[in-house]
Amino acid sequence: MTTFPRVPADLFRFTTAEHAELHTAVLRAFGVANERLETSLTLDDVQLRLRDVGWSEQVTDDELTKSLAALRQWGLIETAQHRYGLTKHGEAAYAGVQHALETLTSSGALQTAVLDAIADRLDELSKPMDDRRTFTALQELEGHVKALQTGTTRFNSELQRLLKDDHDLATFQDVKRTTITYLREFIADLDARKQQIREKIDNLDPVKLHENARNGADLYQDDNWLQNRAKAWDSLKAWFHHTPSKADELQDVARKAIVQLLRVLDRISEQRKRPTNTAADFRALARWFARTSTEDEAHELFNAAFGLWSARHAHLAHADGELIPSAEPWHNTPPVKLSPQLRTTGKQEHIGSTGKIRNVDEVRRNRRRQAEKERAELEHAWRQIQTDGPIRISTLTNLDHDTFHRLIDLVGRALGSDPDSTGTRTAGTTDGRMQINLRNARGWATITTQKGTLSGPDYVIDVQSR
């Protein structure tokens, strides 16, 4: 049967018994005195120390004597010749209370400075030095590892509470911005830092290192010291040397945290009494995009906001794509058939041997180039069509075919609209970038392009960008 060390039953009874606040203040008075190397106090000394630790109420000698008696009964203080001092249990109780208060009032953080400090101490320990400096450097290294573990544990606990608890939208947005800043700074070069620390661990002999540190600390008779150092070294290796390591797990948590926070933000928005303002959400998202400094950051934000990632079926299309208009919404079009094995094996089912899936990166590059080309052609067409005021269609000459196609599309849209009181018809493009005002004009217009000549009624048009 596995057993664990038991905490003495009366170790923390002073925090729940009657007059618990006075007991705690008295214990704190002894603890502060102990930190100043004053190992024993008289009754009058305790009275003075109570004021020093912040106890403002008047305490009679009888009340103080009863409190000291209770603490002595619980094994936290001992007395000799009318002087009182902390026992080992009392020191443990004081340390436990201090640690509990620190945990309740502190917050966790992921700090790259701690990783750099660990790497610096490992680098220092790999160089020749005297035993005393080896001892202090090893103590500093273990302190940094403990700080990393404590900060990470508290940060993850706060993150999980943030994801579970109910918050108002303003508070959550403020906390979310701070949290994302921590995550972005922490995972920026985490891979490089992990590899650097892993290599430095491989260059050290922990047995020799701990023996030198033990000699520098003058701890020849302490049999447990080497065992504790071995456990601390195993903790360091668990963080950076094992596969997978705790640092790898922490990196995965950090990468998923932004998506989790945004999901909670969506949940909070849905729970609000008034409906979600979609336009305001997109304006806020646009401001975030405007603050990105690189294209990679913009892609990261896009993936986090919309949950869209690389798709292995991005290159697949319908058997006869010409039957589906390009402007047709995707939810109105028939689905493309996918093999169930595409996700697990990366291959589609075929009769016979299965070919490899095409590299979708090249597909994306080609589509990006095609989109940029089409955008440039569209911008050129809009510049050609735009007028400085009302003009007749018959005055337009030397139009290329694409520009002519855009113009006819605008005219057709205007003719399909109802005229106003002046007989003017107005229409715009689908993307809202251009608007045309059209009125009837007497006469006949003939327009010639590279692919032929069109003749028809003349119109007065006024094409402007919005």
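The structure this text deals with has already been given above.
Conventions and cut-offs
- Residues numbered from 1 in each chain as written.
- Predicted model: local features only at pLDDT ≥ 70, side-chain atom pairs only at ≥ 80, totals over all residues.
- Heavy atoms only, no water.
- Salt bridge = Lys/Arg side-chain N within 4 Å of Asp/Glu carboxyl O.
- Helix = DSSP H or I, 4+ residues; strand = E, 2+ residues; numbered from the N terminus.
- Buried < 20%, exposed > 50% of the residue type's maximum accessible area, 1.4 Å probe, protein only.
- Patch = residues over 30% accessible without salt bridge, like charges linked within 9 Å, V, L, I, M, F, W, Y side chains within 5 Å.
- Areas by Shrake-Rupley, 256 points an atom, 1.4 Å probe, with all protein chains shown as cover.
- Lys, Arg positive; Asp, Glu negative; His and termini not counted.
- Charge placed at Lys NZ, Arg CZ, Asp CG, Glu CD.
- Contact = heavy atoms within 4.5 Å.
- Core = buried A, V, L, I, M, F, W, Y, C linked by side-chain atoms within 4.5 Å.
- Arc of directions from axis to C-beta.
- Axes fitted to C-alpha atoms, helices over the stretch in contact; angles between N-to-C directions.
- Parallel < 35°, antiparallel > 145°, perpendicular 65-115°, else oblique.
- Left-handed = near helix turned anticlockwise from the far one by under 90°.
- Nonpolar A, V, L, I, M, F, W, Y, C, P; charged D, E, K, R; others polar.
- Phe/Tyr/Trp six-rings, centres within 6.5 Å; stacked < 30°, edge-to-face > 60°.
- Lys NZ or Arg CZ within 6 Å of the ring centre and 35° of its normal.

Some details on the pattern of salt bridges
Move 1: By the definition in use, this model includes 10 salt bridges.
Move 2: Here Glu124 makes a salt bridge to Arg121, at a shortest N to O gap of 3.1 Å. Of this pair, Glu124 and Arg121 are both found in helix 5 (residues 112-125), three residues apart, which corresponds to roughly one turn of the helix. Summarising the burial analysis for this pair, Glu124 and Arg121 share the class buried.
Move 3: One salt bridge connects Arg214 with Glu211, and the closest N-O pair in it is separated by 4.0 Å. Of the two residues, Arg214 and Glu211 both sit in helix 9 (residues 206-216), three residues apart, roughly one turn of that helix.
Move 4: For Arg214, a relative accessible area of 10% gives the class buried.

Focus on a negative patch on the surface
Move 1: Judged by side-chain charge, Asp44, Asp61, Asp62 and Glu63 come together as a negatively charged surface patch.
Move 2: In terms of residue count, helix 3 (residues 61-73) provides more of the negative patch than any other element does, three residues in total.
Move 3: Checked against the element boundaries, Asp61 lands in helix 3.

Overview of unusual backbone geometry
Move 1: Phi at His19 is positive, roughly 60 degrees, even though this residue is not glycine.
Move 2: By the secondary structure assignment, His19 is in the segment before helix 1 (20-35).
Move 3: Judged by relative accessible area, which is 53%, His19 ranks as exposed.

Examining the side chain of Ser67
Move 1: Looking at where Ser67 falls in the secondary structure, it is placed in helix 3.
Move 2: Residue contacts for Ser67: discarding those within four places in its chain leaves Leu22, His23 and Val26.

What to know about the nonpolar core
Move 1: Phe14, Val26, Phe30 and Leu50 are the most contacted members of the largest nonpolar core, which totals 26 residues.
Move 2: Those elements that place two or more of their residues in this core are helix 1, helix 2 (43-52), helix 3, strand 2 (83-86) and helix 4 (88-105).
Move 3: Setting aside anything within four residues of it in sequence, one finds Val26 in contact with Val46, Leu50, Leu64, Ser67, Leu68 and Leu71.

Side note on the environment of Asp248
Move 1: Residue position: Asp248 is located in helix 11 (residues 246-271).
Move 2: When the C-alpha positions of Asp248 and Leu190 are compared, they lie 9.2 Å apart, and in sequence the two are 58 residues distant.
Move 3: The contacts of Asp248, once residues within four sequence positions are left out, are Lys194 and His242.

Examining helix 2
Move 1: When helix 2 is considered as a whole, its buried residues turn out to be Val46, Gln47, Arg49 and Leu50. Around the axis of helix 2, the buried residues are gathered within 170 degrees of arc, so they sit on the same side. Among the exposed residues of helix 2, those oriented more than 90 degrees off its buried face are Asp44, Arg51 and Asp52.
Move 2: Residue Gly54 follows helix 2 closely and has a positive phi angle near 100 degrees.

Re the packing of helix 12 (residues 278-291) against helix 13 (residues 295-306)
Move 1: Between helix 12 and helix 13, the shortest axis-to-axis distance is 10 Å and the interhelical angle comes to 155 degrees. With respect to helix 13, the axis of helix 12 lies roughly antiparallel. Between helix 12 and helix 13 lies a crossing of right-handed hand. In contact with Phe282, Leu285, Trp288 and Phe289 of helix 12, helix 13 contributes Ala298, Leu301, Phe302, Ala305 and Phe306.
Move 2: Taken together, the residues of the contact of helix 12 with helix 13 break down into nine nonpolar, no polar and no charged.

Side note on the environment of Glu140
Move 1: By the secondary structure assignment, Glu140 is in helix 6 (residues 131-164).
Move 2: Residue Glu140 is classed as partly exposed on the basis of its relative accessible area, which comes to 32%.
Move 3: Sequence separation between Glu140 and Ala117 is 23 residues, and the spatial gap between their C-alpha atoms is 9.0 Å.
Move 4: Not counting the four nearest positions on each side in its chain, Glu140 is found in contact with Arg121 and Arg133.

Topic: the packing of aromatic side chains
Move 1: This structure, assessed with the given rule, holds two aromatic pairs.
Move 2: Judged by centre distance (6.2 Å) and plane angle (35 degrees), the rings of Phe135 and Trp225 are tilted. Of the two residues, Phe135 is situated in helix 6 and Trp225 in helix 10 (residues 223-240); the sequence distance between them amounts to 90 residues.
Move 3: With relative accessibility at 7%, the residue Trp225 sits in the buried group.
Move 4: Their ring planes at 40 degrees and their centres at 6.4 Å tell us that Trp239 and Phe240 sit as a pair that is tilted.
Move 5: Lying over the aromatic face of Trp225, Arg229 brings its terminal NZ or CZ to 4.8 Å of the ring centre.

A few points about a nonpolar patch on the surface
Move 1: On the surface, Phe282, Phe302 and Phe306 cluster together into a nonpolar patch covering about 280 Å² of accessible area.
Move 2: Considering the arrangement of structural elements, one finds Phe306 in helix 13.
Move 3: Note on Phe306: relative accessible area 38%, which makes it partly exposed.

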